[in-house]
Amino acid sequence: MKRHLLRTLAALALGALCTGAWAQAKLDKVTIAGWGGPISEITNLLVEPDKGFFRAQGIDMVYMPGAGGGDAVRNLLSGQADVAFTDPGSLYAALDKGEKLRVIYDIYPQNIFNVVALKSSGISKPADLKGKKIGVYSLSSGTLTNLQLLLNQAGLSEKDVTIVVTGLLNFAPLMQGQVDATAATDTGLLVARAKGVGDVNVMEVRHSLNVSSDIFVVREETFQQKKDVLKRFLVAYRDSMSWMIAQPQEAAALAVKRAINGQNEAVNLEVIKLRNASSVSPLTQKSGLGAIDMDALQKGADAWKKIGLIQRELKMKDVVSADLLPGK
Amino acid sequence: MAAPFLDMQQVSYTFPGWPPVVQGVDWDIAPGEFHCLVGRSGCGKTTLLKLAAGLLQPDAGTVSLQGQAVRAPGPGTGFVFQQPTLLDWLTVLDNVLLPVTLQRTPTDADRARAEQLLAQMGLSAYLRHHPRQLSGGQQSRVAIARALLLDPPILLMDEPFAALDAITREELQDELQAMCRARGTSVFFVTHDIAEAVYLADRVAVMDAGRIRHDIRVELPRPRGRDLRYGADFNAICAELRHAMDGEGVA
Amino acid sequence: MTKYPRLFAFALLIILLLAWEWAVSAFRFSPLVLPAPSVIGAALLRGLQTGYLWPHIAQTLLELGLGLALGVALGFAGGVLLGESPTLRRVLMPYVVTSQVIPKLALVPLFIVWFGFGTVPTVVITALICFFPLLENTLTGIAQVDAARLELFRMLGATRWQTLWRLKVPAGLPAILAGLRVAVVLALVGAVVGEFIGASKGLGALIIAAQGSMDTPLMFAVLLLITVIGLLLYEATLWLERRLLQPYSSNL
């Protein structure tokens, strides 16, 4: 009797497992390679178990953490991921090496990088940075490349300043006076203000050249072979972002559970608001979230070549594709 | 005369790169006899014993046990080393059972025999102890019990009591004698102690520079007790043996 | 002080903590730079109570456990193999040493490409870090059996296999367990450091996240947690060692 019961239970369990697997198999798996961990900035991706935006489009979305935009592109190229959530700088570097990639969505059309100095230092515009010591997150981070962009647009180069790697805790050296300025992001500055960094002068890279902060990049073959999946994927992402823009409070609350650095709900809300702001531009108002400003990306590629970060002349119109955009 | 139990004929051995350590030794032990081998350090006693055990193969000559050539160590030979060489992580009982457990699973009969041997040594209370908890003398007894577990017809012993105090040594000598006589075990016992050699042996060989120089029969009555040690006959034989060893030094 | 060392160690800790607390307020250290013990303690307590820290603790312990098991198995097997065969040892030892000299943090991105992200690369890094002390100590341990015992086993007609498993390994157990003690500590470091790159869960990932949020008190709280875990693991290994090596000591 006992054995019969056990066998029935086993059969039921097996059946449930198979059904589950079959149901799962009906979804298309898409792995996103990101530049960071599961932080509150990307709450719209982290709440998939709660909101199911991707599942609604028949997509099983998996987020793969990384250590920088370069990592994200590497993971894309190695086949581990299907889509890279990365910065234009990493894209340019990969294209320079001859990789065949496509830009299919503009995640943050606003540039969120900045260079911050204490008010007492007297540094208020990019030209003032000449001869100064500036901190960056790491030598493979967007803070460095965007700092170089800022310097370049002001007629300076790396040789005119001293660059110091400070790691993620980059405002402490600024407060201690170990660096004259630090290259950071909008969210970094937000947190620093909360931790009492004091009065600061903020030089936004956006005012020099507004290159996007992050874009979705795919391999050329994926673009050619999986257009339908990618289209649905972008619809899902747009929906998730629209939700976060419409319901920042709800997002902040969910971030407490889902984000690794989401313990403080009030801080989550501020970070989410910043990301919401960076996701919109006049172009997205007109054509919908994700609309790509080819002009800005081309200007970025040209600037990159001028700085000497890449060797080739990149033609962005061969790389950017607006076909898959979800529109409004 | 009974056929020799252990028969060594013209046995020689040299360690590579060293002068010959055993040269042309002839020796035989009759069944049930107790032979001792004495000599200075470095005269080749231990090597000869190892040749008898089959731990070493002679370069020349033959070593036979009951008519069969000895090619490798086997269960027919019990060996007791200078140090007790017990295994610290096994209990006393398991140490004694080692010769069996290396060949097969021990049976109840094996266990009973081990316990009996230990009882004869007065170690019944220590079956579950570990060697480190025992004194030097007790460890030596366990080593002897282990050597006797498979009831080998011949026992080879390399100065087993050298590290013990005089009184323990005498006790162990008596126990050893009793056990070997009871079983009819032949014994080849290496020692540097003349009194010990005379007390235990039926025949004593004096070894020097790889050769057997002298051969003395000890005709003292058995069983031998403590009083014998201080008797005139005993001391006479000891003197003879001492003289024989002295002679070597001078020659 | 010699009579109650534990008590004095504890008292010393209290004194240091009080001095630290005072120094932070006296010198006005920003919590970004050096938080006071009270602030760290509050962050730790809050993290534990809200359940925030537990999944990360569990993840790191899982990686630690798996990595240690793998590393110990490999180290022991390797040590036995290389100890028994001098030829193999001469051939393979340079490769073993190479694997140790390469900075492991540099290998993590490579492992992520090979094994995917998540638990596996961290487990592999942990195993890579902690197998070496086991290998070295096993190798040395089984080689240090005295000649007399080896002869005893020959006398009793033991096979090579028996001599290895019933004499050499038990005789080398004190050395092997000492290697285990080192491996356990290294495994914790390995698991945490392996999480620095490409992990979303675990105490190492938390450290990186705390840095990104400039939450220095949380970072210190996590370090404290790691310290406590390390101490507990070490004590546990010592206890195991004491139990297993009891017959080897001369305590009557």
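About the criteria used
Residues numbered from 1 in each chain as written. Chains lettered and ligands numbered in written order. Predicted model: local features only at pLDDT ≥ 70, side-chain atom pairs only at ≥ 80, totals over all residues. Helix = DSSP H or I, 4+ residues; strand = E, 2+ residues; numbered from the N terminus. Rg over C-alpha atoms; globule rule 2.2 N^0.38 Å. Buried ≥ 20, exposed ≤ 12 C-beta atoms within 10 Å, placed from the backbone. Contact = placed C-beta atoms within 7 Å. Nonpolar A, V, L, I, M, F, W, Y, C, P; charged D, E, K, R; others polar. Core = buried A, V, L, I, M, F, W, Y, C linked by C-beta atoms within 7 Å. Domains from an automatic or database assignment. Pairing = 2+ DSSP bridges. Axes fitted to C-alpha atoms, helices over the stretch in contact; angles between N-to-C directions. Left-handed = near helix turned anticlockwise from the far one by under 90°.

## Considerations on the overall build of chain C
Tallying secondary structure elements over chain C gives 10 helices and 0 strands in all. Order of helices (α) and strands (β) in chain C, N terminus to C terminus: α-α-α-α-α-α-α-α-α-α. Computed over its C-alpha atoms, the radius of gyration of chain C comes to 22 Å, more than 25% above the 18 Å expected for a compact globule of 252 residues. C-alpha atoms of chain C, sized along the principal axes, occupy 75 × 55 × 30 Å. Looking at chain C as a whole, 39% of its 252 residues qualify as buried.

## Description of the interface of chain C and chain A
At the junction of the two partners, chain C supplies 20 residues and chain A supplies 24 residues. The set of elements that each furnish at least two residues to the side of chain C that touches chain A consists of α5 (104-115) and α9 (203-212) of chain C. If you tally residues by element for the side of chain C that touches chain A, the top one is α9(C), at 6 residues. By residue class, the composition of the side of chain C that touches chain A is 13 nonpolar, 7 polar and no charged.

## Digging into the nonpolar core
Side chains of nonpolar character tend, in soluble globular proteins, to be buried together. In this structure, A:V217 and C:A187 are the most contacted members of the largest nonpolar core, which totals 148 residues. Top element by residues in this core is helix α6 (residues 119-143) of chain C. It accounts for 13 residues. When neighbours within four sequence positions are excluded, A:V217 is seen to be in contact with A:V73, A:L76, A:A84, A:T86, A:L91, A:L101, A:R102 and A:V103. In terms of nonpolar packing, the next biggest core, distinct from the first, is built from 75 residues, B:V25, B:L97, B:V100 and B:A114 among them.

## Considering the domain arrangement of chain A
Residue and element names in this part refer to chain A. Domain boundaries assigned for chain A yield domain 1 (7-110 + 212-318) and domain 2 (113-207). Taken together, the contact pairs 15 residues of domain 1 with 14 residues of domain 2. Breaking the side of domain 1 that touches domain 2 down by element, the ones donating at least two residues are α4 (69-77), α12 (265-278) and α14 (294-307). Counting residues per element, the side of domain 1 that touches domain 2 draws most heavily on α12, at 4 residues. In terms of residue class, the side of domain 1 that touches domain 2 is built from 6 nonpolar, 5 polar and 4 charged.

## Things to note about the sheet that holds strand β1 (residues 6-13) of chain B
All names here are of chain B. Taking strand neighbours across the sheet as the criterion, the 4 strands line up as β2-β1-β4-β5 in an open arrangement whose pairing is antiparallel. Every interior strand has two partners, whereas the edge strands, β2 (22-29) and β5 (68-69), have only one. Examined bridge by bridge, β1 and strand β4 (residues 60-65) share 5 bridges and lie antiparallel to one another. For M8, the partnering residue across the bridge sits in β4 and is V63. Across the sheet, helix α1 (residues 45-53) is in contact with β1, β2 and β4; its angle to β1 comes to roughly 125°.

## Things to note about the pairing of strand β10 (residues 211-217) of chain B
Residues and elements named next belong to chain B. When strand β9 (residues 203-208) meets β10, the two strands line up antiparallel, connected through 6 bridges. When the sheet's bridge partners are listed, A205 is paired in β10 with D215. Linking β9 to β10, which pair antiparallel, is a turn of 2 residues; within it A209 sits at a positive phi near 45°.

## Focus on the pairing of strand β4 (residues 101-108) of chain A
Residues and elements named next belong to chain A. In terms of burial, β4 is a largely internal element, 8 of the 8 residues being buried. Bridge count for β4 against strand β10 (residues 214-219) is 6 bridges, and the pairing is antiparallel. When the sheet's bridge partners are listed, V103 is paired in β10 with V217.

## A word on unusual backbone geometry
Residues and elements named next belong to chain B. Note the cis peptide between R222 and P223, where omega equals -5°. Locating P223 in the fold gives a position in the loop between β10 and α8 (232-250). For Q10, which is not a glycine, the phi torsion comes out positive at approximately 50°. Of note in the backbone geometry, A209 takes a positive phi value of approximately 45° without being a glycine. Note that A209 resides in the loop between β9 and β10.

## A short note on the environment of B:D158
Residues and elements named next belong to chain B. With respect to the secondary-structure elements, D158 resides in strand β7 (residues 154-158). With 21 C-beta atoms counted inside 10 Å, the residue D158 sits in the buried group. If we skip the residues at most four places from it in the chain, D158 touches T46, L49, V80, F81, Q82 and V190.

## Quick notes on the packing of helix α5 (residues 88-96) of chain A against α14(A)
Residue and element names in this part refer to chain A. One way to put it is that α5 packs onto α14 with a least axis distance of 10 Å and a crossing angle of 65°. Taken as a pair, α5 and α14 cross one another with a handedness that is right-handed. Where α5 approaches α14, its residues P88, G89 and Y92 are matched on the opposing element by L297, G300, A301 and W304. Tallied by class, the residues present in the contact of α5 with α14 amount to 5 nonpolar, 2 polar and no charged.

## Notes on the environment of B:R203
Residues and elements named next belong to chain B. You can see R203 is positioned in strand β9. In this structure the C-alpha to C-alpha distance between R203 and P19, which are 184 residues apart in sequence, comes to 28 Å. Those residues within four positions of R203 in sequence are excluded, and the remaining contacts are E33, H35, D215, R217 and V218.

## Focus: the interface of chain C and chain B
In this complex, chain C contributes 16 residues to the contact, which on the side of chain B involves 18 residues. Looking at the side of chain C that touches chain B, the elements with two or more residues in it are α7 (147-155) and α8 (160-194) of chain C. Per element, the largest residue contribution to the side of chain C that touches chain B is 6 residues, and it comes from α7(C). Residues of the side of chain C that touches chain B, tallied by class, amount to 9 nonpolar, 4 polar and 3 charged.

## Comments concerning the sheet that holds β4(A)
Residue and element names in this part refer to chain A. Pairing in this open sheet of 5 strands is mixed, and the strands run β2-β1-β3-β10-β4 from one edge to the other. Only two strands of the sheet have a single partner each, and these edge strands are β2 (59-64) and β4. On average, adjacent strands in this sheet sit at an angle of 25° to one another, irrespective of strand direction. Packing against the sheet, α5 makes contact with β3 (83-86), β4 and β10, and its axis sits at approximately 170° to β4.

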